[in-house]
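Each chain, written out:
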Amino acid sequence: NMLLIGTDVDMQTLANEVKAGTFSQKYDGALLVSDIDMTDKAWESLNGFNSLFEGRGYSIKGLTTPLFGENVVGTISNVNVEGNIVEEANGKVGLIARSLTVAGDQVGTIFNCSATGSIEYKNTKLALTNDHKLINIGGVVGGVYGGKVSLAESSVDINITTVAGADGKTTSFTPCIGGVVGYA
């Protein structure tokens, strides 16, 4: 039983089910059935996604935050993501996912996907609160912590700006930046 996704409303249904923790109980995965335009639509990255997201070669465009969030242990395949992200708070950024990981026998996987657009990381939160020591930015996924990425491509411009804190000093940080994967 797959959740068919053909509109931004269907994307919101996916988000609601994942956030409620009921998606994998109701569905075997999600299947794109057309291109989707998320321009000017509210979207929060989906953390902890643990199922199948099959894009079937369709595109999701207009994203201003990663499609998936952190700790993805599901499989994301055959989707093209277009977006322009400006990030100030989270140190893990990619157009498709913030991070992939492993949980038990589940391995976060991105297969045959592409990302197009830009990521601008404004290092204001780091300078002010020192809450990130490691910045992982990739066109497709920010960090891979035991997951895997294959047959992925990226045409994403990445720009990092560091802004000094109120005291005029900037906390040092170690950025890991990659065209496809920021850190692996």
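Residues numbered from 1 in each chain as written. Predicted model: local features only at pLDDT ≥ 70, side-chain atom pairs only at ≥ 80, totals over all residues. Heavy atoms only, no water.

Engineer: Give a description of the overall build of the protein chain that names residues and reports values.
Structural biologist: In terms of helices and strands, the protein chain carries 3 helices and 18 strands. The 184 residues of the protein chain split such that 46% are buried. Pairs at least 24 residues apart make up 68% of the contacts formed inside the protein chain by residues separated by at least 6 positions. For the protein chain, the computed accessible surface area is about 8300 Å², with 47% contributed by carbon and sulfur atoms. (Helix = DSSP H or I, 4+ residues; strand = E, 2+ residues; numbered from the N terminus. Buried < 20%, exposed > 50% of the residue type's maximum accessible area, 1.4 Å probe, protein only. Contact = heavy atoms within 4.5 Å. Areas by Shrake-Rupley, 256 points an atom, 1.4 Å probe, with all protein chains shown as cover.)

Engineer: Explain unusual backbone geometry to me, using residue names and the numbers behind them.
Structural biologist: Located in the positive-phi region is Asp40, a residue other than glycine, with phi close to 65 degrees. Examined against the element boundaries, Asp40 turns out to sit in the loop between β3 (36-37) and β4 (52-54). Under the relative-accessibility criterion, Asp40 is labelled exposed at 79%. With a phi close to 60 degrees, Asn71 is a non-glycine residue in the positive phi region. Within the secondary structure, Asn71 sits in the loop between β5 (59-63) and β6 (75-77). The class for Asn71 is partly exposed, based on a relative accessible area of 44%.

Engineer: With reference to specific residues and values, describe the packing of aromatic side chains.
Structural biologist: Applying the stated criterion across every chain, the model contains 5 aromatic pairs. Aromatic pair Phe23 and Phe49: ring centres 5.9 Å apart, planes at 40 degrees, arrangement tilted. One end of the pair, Phe23, is in helix α2 (residues 23-26); the other, Phe49, is in the loop between β3 and β4, and 26 residues separate them in sequence. Overall, the relative accessible area of 3% leaves Phe23 in the buried class. You can call Phe49 buried: its relative accessible area is 1%. (Phe/Tyr/Trp six-rings, centres within 6.5 Å; stacked < 30°, edge-to-face > 60°.)

Engineer: Give me the side chain of Ser114: which residues, what numbers.
Structural biologist: Residue placement: Ser114 occurs in strand β12 (residues 114-123). A relative accessible area of 12% places Ser114 in the buried class. Reaching out from Ser114, the side chain makes a polar contact with the side chain of Asn80 at a distance of 2.6 Å. When neighbours within four sequence positions are excluded, Ser114 is seen to be in contact with Val79, Asn80, Val81, Ile96 and Glu153. (Polar contact = N/O pair within 3.5 Å; in protein donor to acceptor, adjacent residues only side chain to side chain.)

Engineer: How would you explain the sheet that holds β6 if you had to name every residue and give the values?
Structural biologist: Ordered by their spatial adjacency, 6 strands build an open sheet running β1-β2-β4-β6-β11-β15, and the pairing between neighbours is parallel. For this open sheet the edge positions go to β1 (2-5) and β15 (148-150), each flanked by a neighbour on one side alone. Averaged over all adjacent pairs, the angle separating strand axes in this sheet is 10 degrees, with direction ignored. Against the sheet, helix α1 (residues 8-20) contacts β1, β2 (29-32) and β4, and its axis sits at roughly 145 degrees relative to β1. (Pairing = 2+ DSSP bridges. Axes fitted to C-alpha atoms, helices over the stretch in contact; angles between N-to-C directions.)

Engineer: Quick rundown of the pattern of salt bridges? Include the residues and the values.
Structural biologist: A side chain with one charge can pair with a side chain of the opposite charge if their charged atoms come near. All chains considered together, the criterion is met by 4 salt bridges. With a closest N to O distance of 3.6 Å, Lys19 and Glu44 form a salt bridge. Within this pair, whereas Lys19 is found in helix α1, its partner Glu44 is found in the loop between β3 and β4, the two being separated by 25 residues in sequence. Overall, Lys19 belongs to the partly exposed group, its relative accessible area being 46%. (Salt bridge = Lys/Arg side-chain N within 4 Å of Asp/Glu carboxyl O.)

Engineer: Just give me the short version of the confidence of the model for the protein chain, but keep the residues and values in it.
Structural biologist: In this model, the protein chain carries an average pLDDT of 89, and 88% of its residues clear a pLDDT of 70 or more. For residues 127-132, every residue scores under 50 in pLDDT, and the model assigns this stretch 15 contacts once sequence neighbours within four places are set aside. (pLDDT = per-residue confidence, 0-100.)

Engineer: Talk me through the pairing of strand β7 (residues 80-87); I want residue IDs and the actual numbers.
Structural biologist: Each regular strand carries side chains that alternate between the two faces of the sheet. The two faces of β7 differ: Val81, Gly83, Ile85 and Glu87 on one face are buried, but Asn80, Glu82, Asn84 and Val86 on the other face are not. Relative to β7, β5 runs parallel, the two being bridged by 4 bridges. By the bridge assignment, Lys61 is partnered in β7 with Glu82.

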